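# Topology and contacts: notes
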Amino acid sequence: MFSTALGGLFPASAREDVQNALTYRNGYPKPAVLDIGTGSGARSIDTANAFTNADVVGMDLVPVTASSIPPSNCRFEVGNADTDLALMYNAQSFNFIHARSMMQGVKDFHSFYQNVWRMLRPGGVFMTMDSRLTTWDEERQEIEYKEEGQSGFSWFRKTLYHMREALKARNPNMDLMDSLTDFIRDVGDDAWTKVDTFNLYFPVGNFDSPAKTAYMPSASLVSPGERLGGMLFTENMSRVPESIRPILLSGGLTPEEVDRLASELKVELKDPKVKQFARVEPSTPLSILIPTKGSQKLQAQGSSGTIPLKESALDLDELGKMYFMRSLFTQVMR
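Below is a summary of the structure that appears in this document. Remember, predicted model here, so these are calculated numbers, not experimental data. (Residues numbered from 1 in each chain as written. Predicted model: local features only at pLDDT ≥ 70, side-chain atom pairs only at ≥ 80, totals over all residues. Heavy atoms only, no water.)

## Some details on the environment of Ile97
Position of Ile97 relative to the elements: it lies in strand β4 (residues 94-100). Overall, the relative accessible area of 0% leaves Ile97 in the buried class. For the pair Ile97 and Gly124, spaced 27 residues apart in the sequence, the C-alpha separation amounts to 8.0 Å. Sequence-distant contacts of Ile97, that is, excluding residues within four places in its chain, are made with Leu34, Ile36, Val116, Met119, Leu120, Val125, Phe126 and Met127. (Helix = DSSP H or I, 4+ residues; strand = E, 2+ residues; numbered from the N terminus. Buried < 20%, exposed > 50% of the residue type's maximum accessible area, 1.4 Å probe, protein only. Contact = heavy atoms within 4.5 Å.)

Shown next, in the form of structure tokens:
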């Protein structure tokens, strides 16, 4: 879905920076990539195939069942991004770090971004994509949540509401997802050379919306990639209530309410009464160049390269909660 909307593995504005970061240079360590929250591993495998000169590490909470046979320059490791990054990887281990649809499982945003910065090599790039569980109108204004019977009510919006409440019950920091860019900047005044952000808007359901062209570049219009990405998003979303049924039941909905939510959502997505969009917020690249001062500081902390996974005392209940949050959100944003 993301690659379709972006027209490739990375946004057009970041491709040159990623290419430069992953270019092999004599006298320097072999380029390395860390894909945090790799899920099925497809993103790691695609990156490894695109950059055969780089070592790609896909990391997730549980062992990865790869969606296809990974190439020799791709491997997978198990770890918790909220607690294990400092245990698993030395400073200046990677040229490119990618994290998508996984911040809802992170409880300490400040520590996470500090670790990302620590692991990046000079000239390294960090790219992240996440989304808020809400919707937006054609003017790109957030749509207020409405209950059934109120004007503007949407079953899609109701589904997102219950998903968000389930996530908040397990991670209070869900309310801070709106401020991720601020946490990134708070790493330090000289940590990032530039921070680029933009938004992708996916139409929810089948409805007409003006297409964005060279002659009509307004932000309120939809690009061809966003339109196609919206179709894939809608297809994924139609399966969500059934796939997270146990969670919805544990959150207080009755079996009859879940059945109705799933049924009404499928009908609405085919013939939406409310025009609304899901917004994905890529920040890419976040770090183009780590300043010399920072590089010297990092070099003193550890040598280049990755280190193998160490034994860590993961609480199984906590691990289960974190995996639930990852899998729940990925159902929508994959």
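## Considering empty space enclosed by the protein
The final tally for this structure, using the stated rule, is three cavities of 30 Å³ or more. As a volume, the second largest cavity reaches approximately 60 Å³. Surrounding the second largest cavity, Leu9, Phe10, Val33, Asp35, Arg43, Ser44, Thr47, Val56, Phe96, His98, Arg100 and Met127 form its lining. Among the elements of the structure, β1 (32-36), α3 (42-50) and β4 are those that each provide at least two residues to the lining of the second largest cavity. (1 Å grid on protein atoms, 1.4 Å probe; cavity = no way out; pocket = protein on both sides within 12 Å on 5 of 7 lines; lining within 4 Å. Points joined across faces, edges and corners; volume = space filled by probe spheres on them.)

## Topic: the pattern of salt bridges
Per the stated rule, a full pass over the model turns up nine salt bridges. Taking the shortest distance from any N to any O, the salt bridge between Lys30 and Asp55 comes out at 3.2 Å. One end of the pair, Lys30, is in the loop between α2 (12-21) and β1; the other, Asp55, is in strand β2 (residues 55-60), and 25 residues separate them in sequence. Owing to a relative accessible area of 40%, Lys30 belongs among the partly exposed residues under this scheme. Where Glu77 meets Arg75, a salt bridge forms, and the shortest distance between an N and an O atom there is 3.2 Å. Residue classification places Glu77 among the buried positions, given a relative accessible area of 11%. Residue Arg75 is classed as partly exposed on the basis of its relative accessible area, which comes to 34%. (Salt bridge = Lys/Arg side-chain N within 4 Å of Asp/Glu carboxyl O.)

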